[in-house]
Amino acid sequence: MRVLLVEDDDLMRRSFTVALERYGYRMKAAADGLTGLELFREESFDLLILDVMLPGLDGIGLCRRVRESSLVPILMMSARGDGLDVVAGLEAGADDYVVKPVDTYVLVARIRSLLRRATYAPAPGPGQATGGGPSPSEGERLVFGDLTIDTGGLEVSVSGNPVALTPTELKLLLEFAAHPGIVLERHTLLRDVWEYGWDGDSRVVDLCVQRLRGKLGRDRIETVRGFGYKLRR
């Protein structure tokens, strides 16, 4: 897997690069946002790790520029744990974030979770056993009003128009579609979509739902105050 790291702190950039290379990732690093954007446009990457505070073009701006043309998984890093960085990064299109300083094993766990989402394939459903019936790759078409989800081709459309979703947005939508009309709590979504094995920040759920609403229609996913969200049938 090829990873682009954009981090202006020399020591952190080198230490993260060496640590992640030991885990088998092929690393490319940049010290500022504009160089990172140039590398992204010139080469192909499976994951981007962007620091928020960067000279020239900051991490939030870089994330927005990347999202103009790509759905590649993006992990933001912030030296501040306040809500401004978190919300701004997630609103810009990031899939997840970590607060520095971060242990290598935590960073690797987040990376692996993001990459699993990017290569997500739905599990075989009823009638999809190897002995007969449709193959798992065929999946099924789920229809909720003007929203159509092809679970085999992992394609989504609204009123017949294709909708481009990031891997995290797609997995979140598939989780809702597997439980239509059922309220899913934030901690459940953190566990099943983000794969957090510990209490995570529910803002990643809220912001991802907000992005989904912007693409699917604001009324498709309903907020149940004090509990979570549900997909309207």
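Reading guide: rules and limits
Residues numbered from 1 in each chain as written. Predicted model: local features only at pLDDT ≥ 70, side-chain atom pairs only at ≥ 80, totals over all residues. Heavy atoms only, no water. Pairing = 2+ DSSP bridges. Helix = DSSP H or I, 4+ residues; strand = E, 2+ residues; numbered from the N terminus. Axes fitted to C-alpha atoms, helices over the stretch in contact; angles between N-to-C directions. Contact = heavy atoms within 4.5 Å. Expected span 1.5 Å × (residues − 1). Buried < 20%, exposed > 50% of the residue type's maximum accessible area, 1.4 Å probe, protein only. Polar contact = N/O pair within 3.5 Å; in protein donor to acceptor, adjacent residues only side chain to side chain. Salt bridge = Lys/Arg side-chain N within 4 Å of Asp/Glu carboxyl O.

Participant: Sorry, what's going on with the sheet that holds strand β1 (residues 2–6) here?
Facilitator: Backbone hydrogen bonds are what pair the strands of a sheet, in a parallel or an antiparallel way. Pairing is parallel across the open sheet formed by five strands, whose spatial order is β2-β1-β3-β4-β5. Edge positions in the open sheet fall to β2 (26–30) and β5 (96–99), since each of these has one partner strand only. The mean inter-strand angle of the sheet, taken between neighbouring strand axes irrespective of direction, is 20 degrees. In the sheet, β1 pairs with β2 via five bridges, with the strands oriented parallel. Note that in β2 the partner of Leu-4 across the bridge is Lys-28.

Participant: Please clarify how the environment of Leu-115 should be interpreted in this entry.
Facilitator: Relative to the assigned elements, Leu-115 resides in helix α5 (residues 104–118). Along the backbone, Leu-115 and Met-1 are 114 residues apart, and their C-alpha atoms lie at a distance of 8.8 Å. Non-local contacts of Leu-115, meaning those with residues more than four positions away in its chain, are made with Met-1, Tyr-25, Asp-46 and Leu-47.

Participant: Can you help me understand helix α1 (residues 10–22) in this one?
Facilitator: Think of an α-helix as turning once every 3.6 residues; residues three or four places apart then point the same way. Spanning 13 residues, α1 covers 19 Å between terminal C-alpha atoms, matching the ideal 18 Å at 1.5 Å per step. Those residues of α1 lying buried are Arg-13, Phe-16, Thr-17, Ala-19 and Leu-20. Next to the buried residues of α1 lie β1, β2, β3 (47–51), β4 (74–78) and α5. Between a side-chain oxygen at the N-terminus of α1 and the backbone nitrogen of Leu-11 the separation is 3.1 Å; the capping residue is Asp-9. Trailing α1 by a residue or two, Gly-24 shows a phi angle of about 95 degrees, which is positive.

Participant: Would you take a moment to explain the pattern of salt bridges for this structure?
Facilitator: When charged atoms on two side chains of opposite charge get close, those side chains can pair. Following the criterion strictly, the structure yields 15 salt bridges and no others. Salt-bridge contacts for Arg-220 lead to Asp-146; the nearest nitrogen and oxygen are separated by 3.2 Å. Of this pair, Arg-220 sits in the loop between α8 (203–216) and β11 (221–224) while Asp-146 is found in the loop between β6 (141–144) and β7 (147–150), placing the two residues 74 residues apart along the sequence. In this structure, Asp-192 and Arg-191 form a salt bridge, with 2.8 Å as the shortest nitrogen-oxygen distance. The class of Asp-192 is partly exposed, set by a relative accessible area of 25%. Arg-191 sits in the partly exposed class, given a relative accessible area of 47%. Within the structure, one salt-bridge network assembled from shared partners comprises Arg-2, Lys-28 and Glu-43.

Participant: Where do I start with the sheet that holds β6 in this structure?
Facilitator: Taken together, the four strands give an open sheet; going across it, the order is β6-β7-β8-β9, and neighbouring strands pair in antiparallel fashion. Two strands bound the open sheet, and with one partner strand each, they are β6 and β9 (161–163). Adjacent strand axes in the sheet meet at a mean angle of 25 degrees when their direction is disregarded. As defined by bridge partners, strand β8 (residues 155–158) adjoins β9 across three bridges and the pair is classed as antiparallel. Bridge assignment links Ser-157 to a residue of β9, and that residue is Pro-162. Relative to β7, helix α6 (residues 167–177) is tilted by about 105 degrees, and along the sheet it contacts β6, β7 and β8. Along the sheet face, α8 touches β7, β8 and β9 and points at about 55 degrees away from the line of β8.

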